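# Fold and contact review
Listed below, chain by chain, are the residues.
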Amino acid sequence: MNIILVARSECVCLAILLFLFYFSFRYLENEEKHSFLKMCLFALGHVTFDLITIYTVIYYYLCLP
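Just so we're clear, the structure is a prediction, and the values are computed from it rather than from any experiment.

## Observations concerning a nonpolar patch on the surface
Where nonpolar side chains cluster on the molecular surface, the patch consists of V12, I16, F19, L20, F23 and Y27 and spans about 600 Å² of accessible area. Mapping F23 onto the fold places it in helix α2 (residues 8-27).

## Details of the nonpolar core
Within the largest apolar cluster, 7 residues are counted, these being A7, L17, C40, L44, V47, L51 and I54. The biggest single contributor to this core is helix α3 (residues 30-58), with 5 residues. Residues within four places of L44 in sequence aside, it is in contact with L14, L17 and L18.

## What to know about the side chain of S24
On the secondary structure map, S24 appears in helix α2. The exposure class assigned to S24 is buried, which follows from its relative accessible area of 0%. Side-chain polar atoms of S24 contact the backbone oxygen of F21, separated by 3.0 Å. With near-sequence residues (within four places) excluded, S24 lies in contact with K33, F36 and L37.

## Considerations on the state of the cysteines
Counted under the stated rule, the structure contains 0 disulfides. C11 takes part in no disulfide bond, and the closest cysteine sulfur to it belongs to C13, at a distance of 10.0 Å. For C13, which is in no disulfide, the shortest distance to another cysteine sulfur is to C40 and amounts to 9.5 Å.

Criteria and thresholds
Residues numbered from 1 in each chain as written. Predicted model: local features only at pLDDT ≥ 70, side-chain atom pairs only at ≥ 80, totals over all residues. Heavy atoms only, no water. Patch = residues over 30% accessible without salt bridge, like charges linked within 9 Å, V, L, I, M, F, W, Y side chains within 5 Å. Areas by Shrake-Rupley, 256 points an atom, 1.4 Å probe, with all protein chains shown as cover. Salt bridge = Lys/Arg side-chain N within 4 Å of Asp/Glu carboxyl O. Helix = DSSP H or I, 4+ residues; strand = E, 2+ residues; numbered from the N terminus. Core = buried A, V, L, I, M, F, W, Y, C linked by side-chain atoms within 4.5 Å. Buried < 20%, exposed > 50% of the residue type's maximum accessible area, 1.4 Å probe, protein only. Contact = heavy atoms within 4.5 Å. Polar contact = N/O pair within 3.5 Å; in protein donor to acceptor, adjacent residues only side chain to side chain. Disulfide = S-S within 2.5 Å.

Quick look at the structure:
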């Protein structure tokens, strides 16, 4: 099973967050930039770990010790 088909909402969320991260890095001012970039980094971390969790659930036989 293809991981992108199973985790399509996470992939779309990751793409939107990366776009927002780039946009905020380029166009926001100092105080707004720091708080939004911090929130964006935490959200990117959450989506990344969600993708890792989905991958390990689907391919659990590859992750066995």
